[in-house]
Structure formats: structure tokens, C-alpha cells
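Notes for the structure review
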Amino acid sequence: MAAFTSLTDRLSQAFKHLRSKGKLSESDIDGTIREIRRALLDADVSLDVVRSFTSRIRERALGAEVSQALNPAQQVVSIVNEELTKILGAGVDRPLNFAKKPPTVIMLAGLQGAGKTTLAGKLGYWLRDTGHTPLLVAADLQRPNAVTQLQVVGARAEVPVFAPEPGVQAESSDVVEPGKATGDPVKVARDSIAFAQDKLYDTVIIDTAGRLGVDQELMQQAQNIRNAVNPNEILFVIDAMIGQDAVQTAKAFDEGVDFTGVVLSKLDGDARGGAALSVASVTGKPILFASTGEGLKDFEVFHPDRMASRILDMGDVLTLIEQA
Amino acid sequence: IRLRARLSKSANPLGKALFTILSKNHLTNSDWEDVEDTLLLADVGADASSRLVDQLKSDVRIQGETEPNTVREMLKTRLLAIVDAGMDRRLCAELSETQVPNDQKPSVIIMVGVNGTGKTTTAGKLARFFVAEGRTVMMAAADTFRAAAADQLETWGNRVGVRVVRSDKDGADPASVAFEAAHTAKEQGSDVLIVDTAGRLQNKANLMQELGKIRRVIEKTAKVDEVLLVLDATTGQNGMAQAKVFADAIGITGIVLTKLDGSARGGIVISVQQELGVPVKLVGLGEGPDDLTVFDPATFVDGILAVN
Ligand SMILES: Nc1nc2c(ncn2[C@@H]2O[C@H](COP(=O)(O)OP(=O)(O)OP(=O)(O)O)[C@@H](O)[C@H]2O)c(=O)[nH]1
Ligand SMILES: Nc1nc2c(ncn2[C@@H]2O[C@H](COP(=O)(O)OP(=O)(O)OP(=O)(O)O)[C@@H](O)[C@H]2O)c(=O)[nH]1
Ligand SMILES: [Mg+2]
Ligand SMILES: [Mg+2]
């Protein structure tokens, strides 16, 4: 892909030049900042975030720590790495919030197709594996066979599914069209808590329908579900392939359901995942988990440092600088 | 109805910010940057955006243009020229206005794309569309992997009155479902066969190979007229890699841009169209059966320029 020369290539050019000069001039730094800006944009970091990020880098790069460094170029790169990891890592090191008095309630929310239902299975599997007794709740009554999907996923994870309403299915009422809701997801969510208390499940994972940030009606519904169950965690699931829309969407969900943590999905792909940086810096909410495949076990705790290298292609840059 | 209300809200085709910039009598560097920002925010991409702005700058210089209204029009015209490019956006199955001879039936459409973009939903909407045109349609559930994927397609089939060929067991070979469906559709003289495939990320080589196999197996019985790459409008720069790899693996004849009812504008398709020479044919505007429309370059360009 000729159009996407990596940051490594571009910075290596810039640094070759720098190495011969030793000291960094303001224009050297601006040139480097331009390359970083470009790399961030190619990685889908949102424009506003790129702007504030690069201006912070520039400020630090012009300061004493760089001009007095033995290898100024190396210093600039480590500043970039440090700042990226700082934003991505804010609050990451915390475990899931568990309720003092069970059940712990975890609600999933996000755009259509982000990976919520798949994540419900993964969370269920992981919790069961660590000695919990989770229950999955089918509160997406809108997407055709969303309930069936959760049931299949639950069966694979050997986690029970609370599904009092069938949602949109071929067998259910023939009045309902795809895209229109059946039944009341708020009631399903509310009833699931009593069910869990009664049957002694210690964690309740509520799968909700995908919704757009601009869909006020459905955002209100998500808020109603939240208010009905008072979740200990509201996880915002976002696709690593998302572009500039990440900010607007994250803001809408933040205002709509005030999520407590972020899950970045489809990280097994080759998208750079700049959205991680956008969402973290715009909402200040921690990224807790990474989803890395379609299988039940393709799920891990989020690693800010790995994500920083990924966004900027920094792994290579760091080696490159070390060789300098 | 929700959707229509939402769409009518974005009545101002050129966003407020752009409108203010381009209303000034003299354009400074930072004004040009703001124009570029508008494109970047719509996911047009750094490369394509800066190229566009450079072209516009030179247009303005050459024509000695200072009238803001004209500059505004020039930007729109430039963008439209790139997006439109005189491509044929009709679906192959639609092309044959007269009765298709029986030995050329069915006309096969394969849906492909990464996970969760809207393949199954678009298959359902398309089926509905063809049925409304008076065609006989069949669908094939060649996603045997995703939990309840075949059930989801079957629900759509049920709603739009179209038969779905599927396997009863999870994890069956998707190519053999496709083969059986092509056979059945031919036997029954269906006009159109729509094949739904599992979502797959383009960096998974084995899954990409599987797509090629699905196509070859169908071609033993019927002609594949369309392979539609379903791209989610929220997708950023990775959309280009998706398009390239899918094009290599199975060949692509058109793009469906879904979820354009949200706040994302889908600007990546500009580069995709240019690079692959494959047109966006359809647009998804919601989750219901009728939320599918043909791609209209002018509306799309208005959407890009309306980003705040
Ligand atoms: N490769 C990969 N695929 C994933 C991952 N997470 C989910 N998927 C796939 O993405 C698609 C959508 O996932 P779902 O879990 O159905 O997404 P959702 O958010 O529940 O979707 P809606 O309910 O329709 O809004 C499916 O094909 C999943 O298998 C991931 O981490 N990696
Ligand atoms: N708002 C909106 N939602 C859409 C649109 N098209 C599809 N969706 C929703 O996006 C989600 C994923 O759609 P699917 O059709 O299951 O996507 P897919 O590509 O078949 O997914 P996999 O088979 O899992 O890869 C569902 O919740 C759909 O209802 C659209 O144009 N607008
Ligand atoms: Mg779901
Ligand atoms: Mg599907």
C-alpha cells in the first residue's frame, strides 16, 4: 500500500536528517510533529484529539528535556510514547466493579454490530471460569434473532440465559418487522435482577440492542434500562475499525448511559485502532478490555502500552531509534 | 419515520462551519485548513483530503476566483466529480429488462465484508426489493459460523416471503450450502439468488480463501453477477485495506455503504471507489426492510460537506 507509508518510514527519514545535525531546531520539531499528526490521522485518531495531542508534544519537545538530551530525536519519540500510554492507560489498571451485595450487574451498550452479544458470551465464560455464577440477559428484542444468538452463545459458554421474550424471530408473531422492537427490554432487564436474586446468580450481564448515537429514542431506552437495573458496570463496546465518528458516538453514549468502561472489539484485525485514543481522551473513561476474535476466549485485559505502539507503529520506531 | 425525521434535520448541505469559512472574501491558509478538516472529519482520509484541497486551491488561483459562493460551488463540483465519475451503479440483475432466459438463471449476488457491517440485513432488504420488482428470489445462508446467523437470515426470508437454503448444523461447510442453494435456485427457476456469507476480517488468510471457494462452487451452476462488499459508514481508514483484500480474494462488483443513518459520513468510500474502480451501489439507512436506497452521489457529497 504505497499511500500508507508507515510512520516508521517517514520518521526514519526525518531522524536520518536529525542524526547528522545533533541538535533539534524548531523547524525540525515541526517537521516531526507533522509526521506524527499524519500518522495519527491515518490511524483514525479523531482530529480534535490529534490537535491537542500534537500541541502537547510540541510544547514538551521544545522544552529543556529535549534540548538537553543526548539524543534529542529519541527523546521526542519517548515523549510521544509516554503521552500516548498515559491517555490510553488512565484508570485501566482497575478490575471489574463487583457489587458488595450480589448480583453484580453489567450492562453492555454500543453501536449496531460492535460486538456486544459476542462479548456477553466472553464475559460469561470468563466469569464462570473464575468461579462466578453469571447469568446472561437477552434485552435486545429488536435485531432479528438477537435472542437466539445470545442463547447459542450462552450454551457454548455454559452460562444460563434469561430470555422471557423471544424478540424478532421467524417463529414469533408475524406482525413484527426487522428493525421494530417486540416486547419491553426495560422490563426484561428489571425482571432479570429478581430472577438472579432468586436463583442466586452472582453476576448479571445484560445484552442490549445496537443503537446509533443520534437515535434519541433508542438512547432514552438504554437510559431506561440502566435506571431500571442500576448497573455496577456499563461497558461501552466500540469497534477498533471505527473512524472519526468515534468521538461523536462516544460522547452520545457517555451522555446517554454514562458508561463506566470501554471495551475495544475486533482488535484481531489490522486496523490501527486510533479510536481508543479518541474515546479515552474525550470521555476520560478507562478502556478495560480488548476483544480479539469471535471465539469465547478471545478476550483480554487492555494493554495501553501495546495499543500505543499499535496506533503509531511505534514498536518499530523504538527499535529504529535504539539503533541510531 | 424516526429516520426520515433525522435526515430532514441535516437540511443545510454545506455545514455551518464550512459556510462561514467560504463566505469570507479572502481565504487564508487556516481557512484552507478548515476546509481540509471538514473532509478529514468525514473520514475522507489525510491523503485524499490534502489532494482535494490542493486541487481546489489551484482551481481558485487559476480562475482568479474570489466570490465565496463560487468557491463553495467549486468545492462541491470537485467532490462530486470524484465521487460520481460516471460509474454504472445498477445491479446486474436489474440490467436485464427483458425476461432472462432460463438457462441464465439465477443471477447470483454474494454479500461479503468484515464482521458486523450489515451483510445479512442488506441481503434481507435486497430480497424485499427484488420481490417488489416481481422477481422470484432465494437466499442462501452461507454463514454457518456466527451464532444464529442462519436463523437471522431465515427471519428476514420469512418477513419478505423468500425461501432460505440453510444447513441444519452449525459449522457446516459454507461452500456446500452455497452449492446446494445455487442448484436449488436453478432447479426452481429463481431469478435471483442472494448468498449471505460470514463476516471475516481481511487479515485472516484462510477465511479469505474460503470466499474464493464459495464463489467457484457457485459458478459450477450459475453465474455470479454481483459480489457486494458491505462497508460500515463508521469505518475509518481500514476500509481501504478491507476493500483491497476482499477484491483480491473474491472480486468485487459493488459496494454497499451501510449505517449512513448515523452520524458517520462514510468518506472512505471515495478512495475505495477511486482505487478499485468499483462503485458504491447501495446505501443502508436503517434496520428495517425498506431502509435501503440507491447511492446518490449528490446526497452523499452533501453529507460529507455537512459535517460540522
Ligand atoms: N474478528 C472479531 N469479530 C468479532 C469480535 N467481536 C465480535 N465479532 C463479530 O462481529 C459481529 C458482530 O458481533 P455481535 O456480538 O453480534 O455484535 P452486537 O454488538 O451484538 O451487534 P447488534 O446486536 O447487531 O448491535 C459478529 O460476526 C461477531 O462474531 C472480535 O473481537 N473479533
Ligand atoms: N442503523 C443501521 N443499522 C444497520 C444497518 N444495516 C445493518 N444494521 C444493523 O447492524 C447490525 C449488524 O447487521 P448484520 O446484518 O447482522 O451484519 P452482518 O454483516 O451480517 O454481521 P456478521 O454476519 O456478524 O458479520 C444489526 O444490528 C443490524 O440491524 C443500517 O443501514 N443502519
Ligand atoms: Mg447483539
Ligand atoms: Mg451476517
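Scroll up to find the structure.
Here the structure is a predicted model, which is why all the values come from computation and not from measurement. (Residues numbered from 1 in each chain as written. Chains lettered and ligands numbered in written order. Predicted model: local features only at pLDDT ≥ 70, side-chain atom pairs only at ≥ 80, totals over all residues. Heavy atoms only, no water.)

Check the secondary structure of chain A and you find 13 helices and eight strands. In chain A, which comprises 324 residues, the share counted as buried stands at 57%. Looking at chain A alone, contacts between residues at least 24 apart form 76% of all its contacts between residues at least 6 apart. In the form shown here, chain A has an accessible surface area of approximately 12,900 Å², with 50% of it arising from carbon and sulfur atoms. (Helix = DSSP H or I, 4+ residues; strand = E, 2+ residues; numbered from the N terminus. Buried < 20%, exposed > 50% of the residue type's maximum accessible area, 1.4 Å probe, protein only. Contact = heavy atoms within 4.5 Å. Areas by Shrake-Rupley, 256 points an atom, 1.4 Å probe, with all protein chains shown as cover.)

Moving on: the site of ligand 1. All names here are of chain A. By nearness alone, 23 residues border ligand 1, and Gly115, Lys116, Thr117, Thr118 and Glu294 come closest of all. Gly113 has a polar backbone atom sitting 3.0 Å from an oxygen atom of ligand 1. The side chain of Asp268 places a nitrogen or oxygen atom 2.8 Å from a nitrogen atom of ligand 1. Expressed as a share of its isolated accessible area of 650 Å², the protein-covered part of ligand 1 is 96%. A total of four residues in the shell around ligand 1 trace back to one element, the largest contributor, which is helix H6 (residues 116-129). Looking at the shell around ligand 1, its residues break down into three nonpolar, twelve polar and eight charged. (Near = heavy atom within 4 Å. Polar contact = N/O pair within 3.5 Å; in protein donor to acceptor, adjacent residues only side chain to side chain. Nonpolar A, V, L, I, M, F, W, Y, C, P; charged D, E, K, R; others polar.)

Residue and element names in this part refer to chain B. Relative to the 18 Å expected for 13 residues at 1.5 Å per residue, helix H11 (residues 238-250) spans 18 Å between its end C-alpha atoms, a close match to the ideal helical length. If you check which residues of H11 are buried, you get Asn238, Gly239, Met240, Ala241, Gln242, Ala243, Phe246 and Ile250. Lining the buried residues of H11 we find strand E1 (107-112), helix H10 (205-219), strand E5 (223-232) and helix H12 (268-276). The positive-phi residue at the C-terminal boundary of H11 is Gly251, with phi of around 85°. (Expected span 1.5 Å × (residues − 1).)

All names here are of chain A. Here the structure, examined in full by the defined rule, presents nine aromatic pairs over all chains. Between Phe195 and Tyr201, the ring centres sit 6.2 Å apart and the planes meet at 20°, which makes this aromatic pair stacked. Residue classification places Phe195 among the partly exposed residues on the basis of a relative accessible area of 27%. Overall, the relative accessible area of 19% leaves Tyr201 in the buried class. These aromatic residues form a ring-pair network of at least three members: Trp126, Phe289 and Phe299. In this structure, Lys285 is placed above the aromatic ring of Phe259, and the distance from its NZ or CZ to the ring centre is 4.9 Å. (Phe/Tyr/Trp six-rings, centres within 6.5 Å; stacked < 30°, edge-to-face > 60°. Lys NZ or Arg CZ within 6 Å of the ring centre and 35° of its normal.)

Each partner contributes residues to the interface: chain A has 51 residues there, and chain B has 47 residues. Interface of chain A and chain B: buried area, both sides summed, is about 4,200 Å²; carbon and sulfur atoms make up 52% of it. Counting across the interface, chain A meets chain B through three salt bridges. Residue A:Arg38 is joined to B:Asp47 by a salt bridge in which the shortest nitrogen-to-oxygen separation is 2.9 Å. Put simply, chain A and chain B have 19 residue pairs in polar contact (both at pLDDT 80 or more) between them. Looking at the side of chain A that touches chain B element by element, the count peaks at five residues for helix H7 (residues 146-157) of chain A. When its residues are assigned to classes, the side of chain A that touches chain B shows 19 nonpolar, 16 polar and 16 charged. (Buried area = accessible area lost by both parts, 1.4 Å probe. Salt bridge = Lys/Arg side-chain N within 4 Å of Asp/Glu carboxyl O.)

Right, let's get into the site of ligand 2. Around ligand 2, the surrounding shell holds 22 residues, and the nearest of these are B:Lys119, B:Thr120, B:Thr121, B:Arg146 and B:Glu287. At the site occupied by ligand 2, the surrounding residues belong to chains A and B. B:Thr120 places a side-chain nitrogen or oxygen 2.7 Å from an oxygen atom of ligand 2. B:Leu285 is positioned with one of its backbone polar atoms (N or O) 3.4 Å from an oxygen atom of ligand 2. When the free accessible area of ligand 2 is taken as 650 Å², the share hidden by the protein chains comes to 97%. The leading source of residues in the shell around ligand 2 is helix H7 (residues 119-132) of chain B, at four residues. A per-class count over the shell around ligand 2 returns two nonpolar, twelve polar and eight charged.

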